[in-house]
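Analysis of the macromolecular model
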Amino acid sequence: MRKLIACLMMVALGALVVAAAGQQTSDDKALRARIEARYDVVPIADGIALTPKVRNADVRLIEIADVISINGTTVSGRELRDRVGDDADDILKLSYLDASSRRTLFATSAPAESPQEVASESSRRSPRRAERSHGDRVRVFGDVTVREGEEVSGQVVAVLGSVRVNGDVGSDVVSVLGSVDLGEKAVVHGDVVSVGGRVNRTPGAQVRGGVTEVSLSDMDW
């Protein structure tokens, strides 16, 4: 775990350098252009939604937040590629961005109001079905959320961000330069670690491993 924390601290320092540049790269602009050529982009509460400009009965709505959903159902990378083909690479790149970066990327192009399809799709998804994600969930320079009813089989890691868990995590939960918030429905099967932050644990939250808060002053630089 110490080696993991040390590596994540190096990633955090690198991310700070990137953030200092503060400019949208040409790659970001090209990504935006490719997405806008094929989809209408709509802001939603915790991410963005894409509606195909060419009518597609199989893919009506793609939501990109902590997970990627098609027509209200969470999909894996392979399922995404099977459904949208070559567009999968660009959609995955969008999913790697934090919520703020996604909003900034499409700030000038998103319509003021969501289309009716987004509202109807959201109503069909209520109440939320259980969602399962295989592998790790890692985000640099942003928060990570595991919602109630959601299962992540691997680690959940946020670098320069916080982690909020109210679902099931199969391994460790780590936040570097952020806090870990465990809701009453949270179940963590590994360790919970916050470096430079706090671990906030609601009564009812279950942690099968250890709970550790590491102060920056305690780090062996």
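Just so we're clear, the structure is a prediction, and the values are computed from it rather than from any experiment.

For the rest of this paragraph, the subject is the pairing of strand β13 (residues 173–176). Because side chains alternate across β13, one face comprises the buried residues V173 and S175, and the other comprises V174 and V176, equally buried. Relative to β13, strand β10 (residues 156–159) runs parallel, the two sharing four bridges. The partner of V157 across the bridge, within β13, is V174.

This brings us to the packing of helix α3 (residues 77–84) against helix α4 (residues 87–96). Put simply, α3 and α4 touch, their axes get as near as 8 Å, and they point 135 degrees apart. Judged by the inter-axis angle, α3 sits oblique to α4. Where α3 crosses over α4, the handedness of that crossing is right-handed. Where α3 approaches α4, its residues L80, R81 and V84 are matched on the opposing element by D87, A88, D89, I91 and L92. For the contact of α3 with α4, a count of residues per class yields five nonpolar, no polar and three charged.

Let's shift gears to the sheet that holds strand β17 (residues 199–201). Judged by pairing direction, the sheet is parallel, and its four strands sit side by side in the order β8-β11-β14-β17 without closing on themselves. Lying at the two open borders of the sheet, with one neighbouring strand each, are β8 (144–146) and β17. Averaged over all pairs of adjacent strands, the angle between strand axes in this sheet comes to 5 degrees, irrespective of strand direction. Sheet topology note: the β8/strand β11 (residues 163–165) ladder contains three bridges and is parallel. Counted as the bridge partner of T145 is R164 from β11.

In this model, the protein carries a mean pLDDT of 79, and residues with pLDDT of at least 70 account for 74%. Taken element by element, the predicted model of the protein shows its lowest mean pLDDT in helix α6 (residues 116–124) (53) and its highest in strand β14 (residues 180–182) (95). Segment residues 17–23: pLDDT under 50, and one contact once partners within four positions in sequence are set aside and those in other chains are kept. Counting contacts from residues 109–113, a segment whose pLDDT is below 50, to residues more than four positions away or on other chains yields seven contacts.

On to unusual backbone geometry, then. Although it is not a glycine, L160 adopts a positive phi angle of roughly 60 degrees. Residue placement: L160 occurs in the loop between β10 and β11. One non-glycine residue, L177, lies in positive phi territory at about 60 degrees. Given the relative accessible area of 32%, L177 is considered partly exposed.

Rules used in this analysis
Residues numbered from 1 in each chain as written. Predicted model: local features only at pLDDT ≥ 70, side-chain atom pairs only at ≥ 80, totals over all residues. Heavy atoms only, no water. Buried < 20%, exposed > 50% of the residue type's maximum accessible area, 1.4 Å probe, protein only. Helix = DSSP H or I, 4+ residues; strand = E, 2+ residues; numbered from the N terminus. Pairing = 2+ DSSP bridges. Axes fitted to C-alpha atoms, helices over the stretch in contact; angles between N-to-C directions. Parallel < 35°, antiparallel > 145°, perpendicular 65-115°, else oblique. Left-handed = near helix turned anticlockwise from the far one by under 90°. Contact = heavy atoms within 4.5 Å. Nonpolar A, V, L, I, M, F, W, Y, C, P; charged D, E, K, R; others polar. pLDDT = per-residue confidence, 0-100.

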